[in-house]
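# Structural description and commentary
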Amino acid sequence: MPSRLRSAARLTAVAVATVSVGASAQTYAFPGSSADLPEGSHWWISSDHDGTENRDLNAVRFDDTTSRFTRVKIPFADYAVNPKNSDWVIYGLPVSAIADGEVVTCWRNAPEGLKPAVHGGDDVPHPGRTSDPLRIPRSGNHLNIRTNDGKIILYAHMQPGSIPEALCPFNDTYVADAEDRVGDLPREVMVPTAQRAFVKRGQFIGRVGSSGASSGPHLHVHLKPMLSETTMGESLPLPFSQAWQKNGSVAYDSSLDFVPLRSEALNQFPSAIHPDPLLRRGSITGDAAMEVAMTSSGDTVVTATRDVSGRLALGSWRLAGDGTFTKLHGTTTTDASTYVSIANPGLGRDVVTAARDGDGKLKLTAWRVSLGGSFTRQAEAGGDAISSQMALASMPGGSLGVVSAVRDAAGRLKVSTWETSSSLDTITRRGNGFGEDATHVSLAAVANGRVAGDTGSSFKGVVTAVRTPAGKLSVTAWEIGSTGLVSKRGTYLGGDVADVAISSLSFTNVRDLVVVSARLPTGVLRNISFDITTAGQLVRRDDEDASGVLDVQAARVVGQHLVTSVRDSGGNLRVFTWDVDANSQVHRTGQEIAGDILDGTALTSTYVGGRFVITAVRLTTGGDVRLIAWDANLP
């Protein structure tokens, strides 16, 4: 889609969202992820559920032979001979909570229907749905979750045994009488108040099935007001954000047709849904490299790599509004370099690179980047002996310069501030700070550290996250004074980690916090949020996990949105999106998967007519560097 049409589609989406839900105070995440779908598949909705606001969600693949979307994995003629639930694209897909809340009713072990429908009305239900009394609840295996604002969300018809026991205390197969109710709620599925589990938005809650009053696999969701502890009103519109939708009645399948959902109820039928904030757009492949780092400003992306000969190389790339790339310029230096990093020293395209040179010393180089992407080498600085590991960040608060965090020759963490002149003809060290011994080093700038009740000026500085020689996480806040002096403030010591990354997030430019993205020795990715007081003390707030990762990088996209790019246990690039709310609670909002990589993931975010996330990876085929643009439906 041309950038002009893409921008028009975005504006249309915003207008529709305004019409659909008006000034709704609540919007919801989608209950599934594209990374869990078979390749080339989408979530799907086909009708308005008999004129109500209830929604039955399905999944489809595009059948090239019939030029239409189909809900089953195999040719329909084969399905019709012996229909099975497992033939459906959606069957068994993970379901995630779309909002925080507590479990009010649930059931988890009811059997599924004996045969799904083929042509409609010819399904064979389980005898527990035809007996007298009925022995299986209408919603089958389900969760009714009451949200923090007093509404209730139903997730119905899930697979037997897929709802975690920690969320649902009932393990029987059948109820005695599914129609025995207290108000609107079946009596036997009501969870005693003391046993009600709390569920976070984005948390796994079960798998799509076909239990209860279901003629075939699907996920039924609806939102209702709670009128009392046991009675509910009529279904309300369920507005979704951070997902994408397109017309499902067309005879082709193209990702260019997707437009962002922004506080919109699903009212287009039929439609295909991309359930995550990120949507893959263009990509471009460059030269082979041994390391890759990246930054961006507007439509200009700059990569710094250690090439196959061990030299520092720079590349510039133009990102268009439709997410496609054009290679602009490249330059290869004679500098032997390892542990390459890059950051912008101000608000423009110019960059500073940092690397360990052939003599084992830190070398910073300033580069003027022209509008056309050409490089002019400017000032240099450094000279510190370093052993390994470094990170580089822009100076906080818009000051000209960068901050480096390195592992010095003694293995200790060293944090330094470097002021750059506006012409980049000088790089001047302004301050140093020394920390503990470290084996992995990461760094994030913070401009507005404060918590409720703080008075006085906000904390301004950087926060480092390192892995200590004992394998522990250590997080430290470093205040940067007006002259660049570095002062160590609060420290947090955590548990075992194998790798660390850190990002700073911002709430309406008034309050910053940081999120440490750590790979645990078990391969679990754990995001840990910290508030920072005006005195530079770190207050741990929350954590949220994902599993099966080998490497991790993290970056703020905009506001309170975080992206982590990882190499998963299968060797694939996997990109997670997360939100951190006003209470510093972390929620997963989506994940994408994008093929085999070696390592070397780098991550940046920029704005070109819309928000983009860019990942840079080394491919398994020779270590070539590939840039991928992800259209980001994030406010």
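Our structure's up above, just so we're on the same page.
Calculation criteria
- Counting from 1, residues in each chain are numbered in the order their sequence is written.
- A pLDDT threshold of at least 70 governs which residues receive local features in this predicted model, and a stricter bar of 80 or more applies before side-chain atom pairs are shown or counted, although totals over entire chains, interfaces and linings include all residues.
- Note: side-chain values were computed over all heavy atoms of the structure, leaving out hydrogens and water.
- Runs of H or I in DSSP of at least four residues are treated as helices and runs of E of at least two as strands, each being numbered from the N terminus.
- This radius of gyration counts C-alpha atoms alone. The globule rule is 2.2 Å times how many residues there are, raised to the power 0.38.
- Partly exposed describes any residue whose relative accessible area lies between the buried limit of under 20% and the exposed limit of over 50%, with all areas from a 1.4 Å probe on protein chains only and scaled to the type maximum.
- In plain terms, two cysteine sulfur atoms within 2.5 Å form what is called a disulfide here.
- Throughout, a residue-residue contact means that at least one pair of heavy atoms, one from each residue, lies within 4.5 Å.
- Any two strands with at least two DSSP bridges between them are considered paired.
- For helices, the fitted axis covers only the stretch in contact; all axes are lines through C-alpha atoms, and the angles between them, taken along N-to-C directions, range from 0 to 180 degrees.
- Only four residue types enter the tally: Lys and Arg on the positive side, Asp and Glu on the negative side; His and the chain ends are excluded.
- Just to be clear on terms, a salt bridge is a Lys or Arg side-chain nitrogen sitting within 4 Å of an Asp or Glu carboxyl oxygen.
- Side-chain atoms alone can form a polar contact between residues adjacent in sequence; in general such a contact is a pair of N or O atoms within 3.5 Å, and within protein one must be able to donate a hydrogen while the other accepts it.
- Whether two aromatic rings pair depends on their centres lying within 6.5 Å, for rings of Phe, Tyr and Trp, where Trp uses its six-membered ring; planes under 30 degrees apart make the pair stacked, over 60 edge-to-face, and the rest tilted.
- What makes a nonpolar core is a set of buried Ala, Val, Leu, Ile, Met, Phe, Trp, Tyr and Cys residues whose side-chain atoms join them at distances within 4.5 Å.

### A short note on the overall build of the protein
Each helix and strand in the protein was counted, giving two helices and 40 strands. For 635 residues, the compact-globule formula gives about 26 Å, and the C-alpha radius of gyration of the protein, at 26 Å, lands near that figure. Principal-axis analysis of the C-alpha atoms gives the protein an extent of 85 × 55 × 45 Å. When the 635 residues of the protein are sorted by exposure, 57% land in the buried category.

### Considering the state of the cysteines
Counted according to the given criterion, the structure contains one disulfide. Each sulfur of the disulfide joining Cys106 and Cys168 lies 2.3 Å from the other. Across the S-S bond of Cys106 and Cys168 the torsion is about 90°, and the bridge reads as right-handed. With Cys106 in strand β5 (residues 101-107) and Cys168 in the loop between β7 (151-158) and β8 (181-182), this residue pair connects regions lying 62 residues apart in the sequence. With a relative accessible area of 0%, Cys106 lands in the buried category.

### Quick look at the environment of Ala243
As for its position among the elements, Ala243 is in strand β13 (residues 240-247). Exposure remark for Ala243: the relative accessible area of 0% places this residue in the buried category. Sequence separation of Ala243 and Tyr28 is 215 residues, and the distance between their C-alpha atoms is 9.9 Å. Discounting residues that sit within four places of it in the chain, Ala243 has contacts with Phe30, Val259, Pro260, Leu261, His274, Pro275, Asp276 and Asn633.

### Description of the sheet that holds strand β21 (residues 351-356)
The strand order across the open sheet formed by seven strands is β20-β21-β22-β23-β24-β25-β26, and the pairing between neighbours is antiparallel. At either end of the open sheet lies a strand with only one pairing partner, and these are β20 (338-343) and β26 (427-437). Mean inter-strand twist for the sheet, computed between neighbouring axes without regard to direction, equals 25°. Judged from the seven bridges that link them, strand β22 (residues 361-369) and strand β23 (residues 375-394) form a sheet pairing that is antiparallel. Opposite Lys363, over in β23, you have Gly382 as the bridge partner.

### A closer look at the side chain of Arg108
With respect to the element layout, Arg108 can be found in the loop between β5 and β6 (141-147). For the buried Arg108, which has no salt bridge, the nearest side chain bearing the opposite charge is Glu165, at an N-O separation of 4.6 Å. At a separation of 2.8 Å, a polar atom in the side chain of Arg108 contacts the main-chain carbonyl oxygen of Ile163. Polar side-chain contacts of Arg108 include one of 2.6 Å to the side chain of Asn171.

### Quick look at the packing of aromatic side chains
According to the stated counting rule, one finds 10 aromatic pairs in the structure shown. A centroid spacing of 5.9 Å and a plane angle of 45° characterise the contact between Phe76 and Tyr79, whose relative ring orientation is tilted. Of this pair, Phe76 and Tyr79 are both found in helix α2 (residues 76-81), three residues apart, which corresponds to roughly one turn of the helix. Overall, the relative accessible area of 39% leaves Phe76 in the partly exposed class. Plain terms: the ring middles of Tyr79 and Trp88 are 6.3 Å apart, the flat faces sit at 75° to each other, and that makes the pair edge-to-face.

### Section: the pattern of salt bridges
Applying the stated criterion to the full structure yields 32 salt bridges. Residue Asp579 pairs with Arg201 through a salt bridge whose shortest N-O separation is 3.6 Å. Here Asp579, found in strand β37 (residues 572-580), pairs with Arg201, found in the loop between β10 (198-199) and β11 (204-207); they are 378 residues apart in sequence, far enough to count as distant. For Asp579, a relative accessible area of 7% puts it in the buried group. For Arg201, a relative accessible area of 17% corresponds to the buried category. Here the residues in one salt-bridge network are Glu102, Arg146, Arg196 and Glu229, joined through shared partners.

### Describing unusual backbone geometry
With an omega of 0°, the peptide bond running from Asp132 to Pro133 counts as cis. Along the chain, the position of Pro133 falls in the loop between β5 and β6. Cis geometry marks the peptide bond from Phe269 to Pro270, where omega comes out at -15°. Residue position: Pro270 is located in the loop between β14 (259-264) and β15 (271-274). Notably, Gln242 is not glycine yet its phi reads approximately 60°, a positive angle.

### So, the side chain of Ser41
Within the element layout of this structure, Ser41 appears in strand β1 (residues 41-45). Not counting the four nearest positions on each side in its chain, Ser41 is found in contact with Val60, Arg61 and Val89.

### Quick notes on the pairing of strand β19 (residues 325-336)
As defined by bridge partners, strand β18 (residues 311-319) adjoins β19 across eight bridges and the pair is classed as antiparallel. Along β19, the bridge assignment pairs Arg318 with Thr326. Linking β18 to β19, which pair antiparallel, is a turn of five residues; within it Gly323 sits at a positive phi near 85°.

### Observations regarding the nonpolar core
Generally speaking, a soluble globular protein has its nonpolar side chains buried in company with each other. Counting residues in hydrophobic clusters, the biggest one holds 46 residues, and the most contacted among them are Trp43, Leu143, Tyr155 and Leu219. Mapped onto this core, the elements with two or more residues apiece are β1, β2 (55-63), β5, β6, β7, β12 (219-225) and β13. Among residues more than four places away in sequence, those in contact with Leu219 are Pro31, Trp43, Arg55, Asp56, Leu57, Ile90, Val95, Tyr155, Ala156, Met158 and Val208. Formed by 21 residues, the second largest nonpolar core is a distinct cluster that contains Val446, Ile502, Ala518 and Val524.

### Describing the environment of Val524
Its location among the elements puts Val524 in the loop between β32 (511-519) and β33 (525-532). Note: C-alpha distance between Val524 and Gly548 (24 residues apart in sequence) is 5.7 Å.

### Description of the environment of Asp123
Turning to its location among the elements, Asp123 is positioned in the loop between β5 and β6. Counting along the chain gives 40 residues from Asp123 to Pro83, while the straight-line C-alpha distance between them is 9.3 Å. Setting aside chain neighbours within four positions, we find Asp123 in contact with Lys115, Pro116, Ala117, Ser214 and Ser215.

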